[in-house]
Every structure is written in structure tokens, then in C-alpha cells.
Amino acid sequence: DQAPASVHDHAIREIKLEPELHRALRQEEFELHYQPIMHLASGALAGFEALIRWRHEERGLIAPTVFIPTAEASGLIVPIGQWAFRRACLALTELSARRSPGTRPSPPLFMSVNFSARDFSDSTFLPEIRDVLAETGVEPAAIKIEITESLLMNEPEVAAASLRACNDLGMHIAIDDFGTGYSSLSYLHKFPIDTIK
């Protein structure tokens, strides 16, 4: 039996995409865009969310929905995530230094960074987090780790252990896309979660 054309085309795209992702990582074709997060009551800048994009040499800017599934399946999401976390911390240091002197008494800026299930299950995840924080001088309390609801439910024990370790370091935890999957508040007490999006 021959697979439908759409399935075949998708498989071919996946096969071609993985070596391109390897190249993109080597040649630093990924970039982070920083979405400002405002404090509604005061109108002041509170922080940023780091959003990854791939600036492909031929196809231009590629959204994460196109390449993240292949990165997850191949395991490349781990080095990509490590690269993104380091860049986000360096950017936070630079952006914080640029604040005008009059804004310094306000709460420090924070950076939200997205992580995947593969990141949490990788043995280098926590050591890498600690190394990057030490290297960049970013306070753990200035980092908000964003994960999706599906990550919590796919590997809840692994996620819970990793999140507790991050929380113990002083980082904040946010669930992104809450309600799009399990839509249940009943399991939230198992995880050290600060924010639901």
C-alpha cells in the first residue's frame, strides 16, 4: 500500500529538514525575538518573552511551528534550547543595563523562555541552566520557564522533578496554552506553577 501523498510529502520534508537544522545550529541561523510584557496597572515594562525564529538562507524567516517538531523528534531541540537560553540571558543582562536611571527602583526585568519535554528529560538540562546563570550573572528570579500543558501530561514525573529543581533555584514557572488540552485545574497542585497563560 502506498501512503497518501500528504503523508509522503511530510516525511520527505522531515528527512530534508533535519540536516538543515544541524547546519542552522552550526552556522547560528537561529535568532530570538523579544516580545515585551507590560505591567497593565502602571504601563511599565515588566519583562520579555524570548521567541525563537530560524532565518533560513533560502526560505527567509521560518516560524517555530515549522521546525520545532523535527527538532523535538531528532533530539536537536536540546542544543537549540541551550543556545536559546544562553542568548536570552545575555539579552536580559543587556536590556536591563539599558534601562534609564529613573526606572532602576522598579522591579527588575524578567525573561520568559520556552522549554520542551526533551529539555527536561536531558541529563544536561539543570547543569546547563546553572552554568548559564552563573556565566551571565542573571538572577534565577529573573527567569520564567514556560512549558505547555501537554508537556506536563506527557511526562508528568519528569516534568515535576525538573520544575521543582528549577523552582528551588528561584526561577518562576508558567504554563502556556493552558486549557487547550486537558483543561483541568485538578493536577496543578502537583507542580510548582506561578503563572497560567
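Note that the structure is a prediction, hence the values are computed from the model and not measured.

Colleague: Help me get a handle on the overall build of the chain, residues and values and all.
Modeller: Assigned secondary structure in the chain consists of 7 helices and 7 strands. For the chain, buried positions account for 40% of its 197 residues. When contacts within the chain are restricted to residue pairs at least 6 apart in sequence, those whose partners lie at least 24 apart make up 66%. Total accessible area computed for the chain in this model is approximately 10,800 Å², and 56% of it derives from carbon and sulfur atoms.

Colleague: Let's hear about the packing of helix α3 (residues 77-98) against helix α5 (residues 125-136): which residues, and what values?
Modeller: Remark: α3 packs on α5, axes separated minimally by 10 Å, with the N-to-C direction vectors making an angle of 25°. Compared by their axis directions, α3 and α5 come out roughly parallel. Considering the relative orientation of α3 and α5, their crossing is right-handed. Each of Gln82, Phe85, Arg86, Cys89, Leu90 and Thr93 in α3 lies in contact with α5, whose residues at this interface are Glu128, Ile129, Val132, Leu133, Glu135 and Thr136.

Colleague: Explain the layout of surface pockets to me, and be specific about the residues and the numbers.
Modeller: In this structure, the largest pocket encloses a volume near 670 Å³. As for the largest pocket, its lining consists of 29 residues, of which Ile68, Ile77, Asn114, Phe115 and Ser116 are closest to the centre. Sorting the residues of the lining of the largest pocket by element identifies β2 (45-56), α2 (64-74), α3, β4 (110-114), α4 (117-121), β5 (143-148) and α6 (149-154) as the ones contributing at least two each. Split by residue class, the lining of the largest pocket holds 15 nonpolar, 7 polar and 7 charged.

Colleague: So, the pairing of strand β1 (residues 30-38): which residues are in play, and what are the values?
Modeller: Sheet topology note: the β1/β2 ladder contains 9 bridges and is antiparallel. Residue pairing across strands places leucine 32 opposite isoleucine 52, the latter belonging to β2.

Colleague: I'd like to hear about α5, residue by residue, with values.
Modeller: End to end, α5 covers 17 Å across 12 residues, agreeing with the expected 16 Å (1.5 Å per residue, within 8%). Considered for burial, the residues of α5 that qualify are Phe125, Leu126, Glu128, Ile129, Val132, Leu133 and Thr136. Within α5, the buried residues cover an arc of 160° as seen down the axis, which keeps them to one side. Here the buried face of α5 lies against α3, α4, β5 and α7 (156-169).

Colleague: Please give an account of the confidence of the model for the chain that cites residues and values.
Modeller: The pLDDT averaged across the chain works out to 83; a share of 82% of its residues lies at or above 70. Contacts for the low-pLDDT stretch residues 7-12, under 50 throughout, to residues beyond four places or in other chains number 0 contacts.

The rules behind each value
- Residues numbered from 1 in each chain as written.
- Predicted model: local features only at pLDDT ≥ 70, side-chain atom pairs only at ≥ 80, totals over all residues.
- Heavy atoms only, no water.
- Helix = DSSP H or I, 4+ residues; strand = E, 2+ residues; numbered from the N terminus.
- Buried < 20%, exposed > 50% of the residue type's maximum accessible area, 1.4 Å probe, protein only.
- Contact = heavy atoms within 4.5 Å.
- Areas by Shrake-Rupley, 256 points an atom, 1.4 Å probe, with all protein chains shown as cover.
- Axes fitted to C-alpha atoms, helices over the stretch in contact; angles between N-to-C directions.
- Parallel < 35°, antiparallel > 145°, perpendicular 65-115°, else oblique.
- Left-handed = near helix turned anticlockwise from the far one by under 90°.
- 1 Å grid on protein atoms, 1.4 Å probe; cavity = no way out; pocket = protein on both sides within 12 Å on 5 of 7 lines; lining within 4 Å.
- Points joined across faces, edges and corners; volume = space filled by probe spheres on them.
- Nonpolar A, V, L, I, M, F, W, Y, C, P; charged D, E, K, R; others polar.
- Pairing = 2+ DSSP bridges.
- Expected span 1.5 Å × (residues − 1).
- Arc of directions from axis to C-beta.
- pLDDT = per-residue confidence, 0-100.

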